[in-house]
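Spelled out, the chains give:
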Amino acid sequence: MSRKSEYTHEYTHILKNDKRCMDDAFDFCEDYKDFMNASKTERECTNRIIEMAKENGYVEFDKSITSVSQGKKFFVNNRGKSVILITIGKEKIDKGVNFVISHIDSPRLDLKPNPVYECEDIAYFKTHYYGGIKKYQWPTVPLSMHGRIFREDGSFVDISLGENDDEPKFIITDLLPHLAKEQEKRTLGEGVTGEELNIVIGSIPIIDTDEEIKEAVKENTLKILYETFKIKEKDFARAEIEFVPASKATDIGFDKSMIAAYGQDDKVCAYPALIAEIENEKPVKTSVTVFTDKEEIGSEGNTGMKAEYLFEVMEDLADIQKVKVRDCYRNSICLSSDVNSAYDPTFADVFEKRNSSHINRGVVLTKYTGHAGKSGSNDASAETMAKVIKLMDDRNVVWQIGELGKVDIGGGGTIAKFVSRRNIDTIDVGVAVLSMHSPYELTSKLDIYHTYLAYKAFLLNNN
Ligand code: MN
Ligand code: MN
């Protein structure tokens, strides 16, 4: 028997610290799986969040109101692709608010603006991948089509095709091993190139005409698209169409302890944040829970965290309460609620075990991200770490620390630095993920539940 030291600290399995949470965690994750299946893209996720918010008493924020009272709940819909939920606290916001910011975009394949072509009697879509993907992972995976496309007359259609059993799906081909001798000499990064990620969309030529049509399969495919969605080839130039894995979120393991799903980075943090926010009633401090877009391509654009949309709403709120927004920021804490890379024993070389997050060891507090000497990282202060750790410990939330990988082996970033530059104390807090950015990411149910408990504990922060 080993002696328990008074001085050391070991990060261990959640069930060693919280023996009774398993049933609650498994229940929580049933709803999480439903949420994932209904929220494959940032637009669908925004719709689902607003739907759930409205069901729970949130009303659209109107900046012309003259007062707000404790417990009042608002939502702000930014262009259908990012959303802010607010619960007004007892204190005015110049005393500080509790920000929880996750992102709802995920790596995927976007269509090019002129995507349709035919080659040797097969019709295809050209794609341009979005975010950091390992391109070789995407061929031979059933794909579904999502997005919005505008027509000549200004009307639009929202498409979701390939999610239901009776709907067609789409696929990218790969070379058979028998003929892949040369392909297999390529590096893994070049194993399948970006211009090889072409999606098969049809193979039957148009036959209802006597005249010879040049590209008859493309013609027939466009005819079906017109009959189904009333769209023409030119309309792809006024569209945002995303192809994502058609898979459903599913339990993994004999013990059903894990979940595989597409897009868990970062909806595995967005969902617990959403539930914690909805359940936040009459807080001391105002909570501002943000579901942002474009994190996977550097938080660019007017729906990403480099934009002003959140900070303008904060200014409006400050105006209503007749306080200064910069006082609010100085006194606020933000959880940048994003995932971390879980230690993978199969690829142990890239991790420094003592400082990596592990699945089932709880919510991950990531002090810094970045690469090559913390470059590009927010790097949370000792004071911020201390405050957040105390909040977790006081509520028995099981937490662990996490670093992205060994020093100088790679790196990454989150939205944290785009918030902290406003003079807001910010720290990354989220779920450990295996196979991150793959078509089917893996997480632990216990971790997801303790991440929810972490956000709940944080929203009770009143100092
Ligand atoms: Mn992320
Ligand atoms: Mn990511």
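Structure shown above.
Now for a description of the structure that goes with this document. (Residues numbered from 1 in each chain as written. Chains lettered and ligands numbered in written order. Predicted model: local features only at pLDDT ≥ 70, side-chain atom pairs only at ≥ 80, totals over all residues. Heavy atoms only, no water.)

Together, L175, L176 and L179 make up an exposed nonpolar region whose accessible area comes to about 280 Å². Note that L175 resides in the loop between β9 (171–172) and β10 (199–202). Look at L175 and you get partly exposed, because its relative accessible area is 42%. (Patch = residues over 30% accessible without salt bridge, like charges linked within 9 Å, V, L, I, M, F, W, Y side chains within 5 Å. Areas by Shrake-Rupley, 256 points an atom, 1.4 Å probe, with all protein chains shown as cover. Salt bridge = Lys/Arg side-chain N within 4 Å of Asp/Glu carboxyl O. Helix = DSSP H or I, 4+ residues; strand = E, 2+ residues; numbered from the N terminus. Buried < 20%, exposed > 50% of the residue type's maximum accessible area, 1.4 Å probe, protein only.)

Ranked by size, the top nonpolar core spans 58 residues in total, and within it I49, L85 and F291 carry the most contacts. Among residues more than four places away in sequence, those in contact with I49 are F35, V83, L85, I104, L274 and F291. Of all hydrophobic cores here, the second largest spans 32 residues; its members include V76, V290, A307 and I424. (Core = buried A, V, L, I, M, F, W, Y, C linked by side-chain atoms within 4.5 Å. Contact = heavy atoms within 4.5 Å.)

The next thing to look at is the coordination of the manganese ion (ligand 2). The protein atoms that coordinate the manganese ion (ligand 2) are D265 (OD), E296 (OE), E296 (OE) and H437 (NE2), at distances spanning 2.0 to 2.6 Å. As a motif over one chain, the donors of the manganese ion (ligand 2) read D-x30-E-x140-H. Between the manganese ion (ligand 2) and the manganese ion (ligand 1), a spacing of 3.3 Å is present, and a bridge between the two is formed by D265. Taken as a pair, D265 in helix α5 (residues 264–278) and E296 in the loop between β14 (287–292) and α6 (309–321) lie far apart in primary sequence, 31 residues in all. The pair formed by D265 and E296 is uniform in burial state, with each residue classed as buried. (Donors = N, O, S within 2.8 Å, 3.2 Å for Na, K, Ca; no water.)

Those donors, H103 (NE2), D265 (OD), D338 (OD) and D338 (OD), are the protein atoms that reach the manganese ion (ligand 1), and they lie 2.1 to 2.6 Å from it. Here the donor residues for the manganese ion (ligand 1) map to a single chain with the spacing H-x161-D-x72-D.

On to the packing of aromatic side chains. One pass over the structure, following the stated rule, counts 16 aromatic pairs. Measuring from centroid to centroid gives 6.5 Å for W138 and Y262, while their planes differ by 85°, and the two rings are edge-to-face. Of this pair, W138 sits in the loop between β6 (122–130) and β7 (143–150) while Y262 sits in the loop between β13 (258–261) and α5, and the two are 124 residues apart along the sequence. Here W138 falls in the buried class, since its relative accessible area comes to 0%. When the ring of F170 is compared with that of F243, the centres are 5.5 Å apart and the planes differ by 85°; the resulting orientation is edge-to-face. Taken together, the residues span a long stretch of sequence, with F170 in the loop between β8 (156–161) and β9 and F243 in strand β11 (residues 239–245) at a distance of 73 residues. When its relative accessible area of 0% is taken as the criterion, F243 is described as buried. Clustering of aromatic rings is evident, with ring pairs tying together F28, Y32, F35, Y271, Y449 and Y452. R108 extends its terminal NZ or CZ atom over the ring of Y130, reaching a point 3.6 Å from the ring centre. (Phe/Tyr/Trp six-rings, centres within 6.5 Å; stacked < 30°, edge-to-face > 60°. Lys NZ or Arg CZ within 6 Å of the ring centre and 35° of its normal.)

This part covers the sheet that holds β13. Spatially, 3 strands are ordered β12-β13-β23 in an open sheet, and the strand pairing comes out antiparallel. Lying at the two open borders of the sheet, with one neighbouring strand each, are β12 (250–252) and β23 (441–444). Going from strand to strand, the sheet's axes swing by 35° on average, the running direction of each strand aside. Where β12 and β13 come together, 3 bridges link them in antiparallel fashion. Bridge assignment links T250 to a residue of β13, and that residue is A260. Its contacts with the sheet place helix α2 (residues 22–38) against β12 and β13, and it is angled at close to 5° to β13. Across the face of the sheet, helix α10 (residues 445–459) comes into contact with β12, β13 and β23 while running at roughly 65° to β23. (Pairing = 2+ DSSP bridges. Axes fitted to C-alpha atoms, helices over the stretch in contact; angles between N-to-C directions.)

Coordinates in, geometry out; function isn't part of it.
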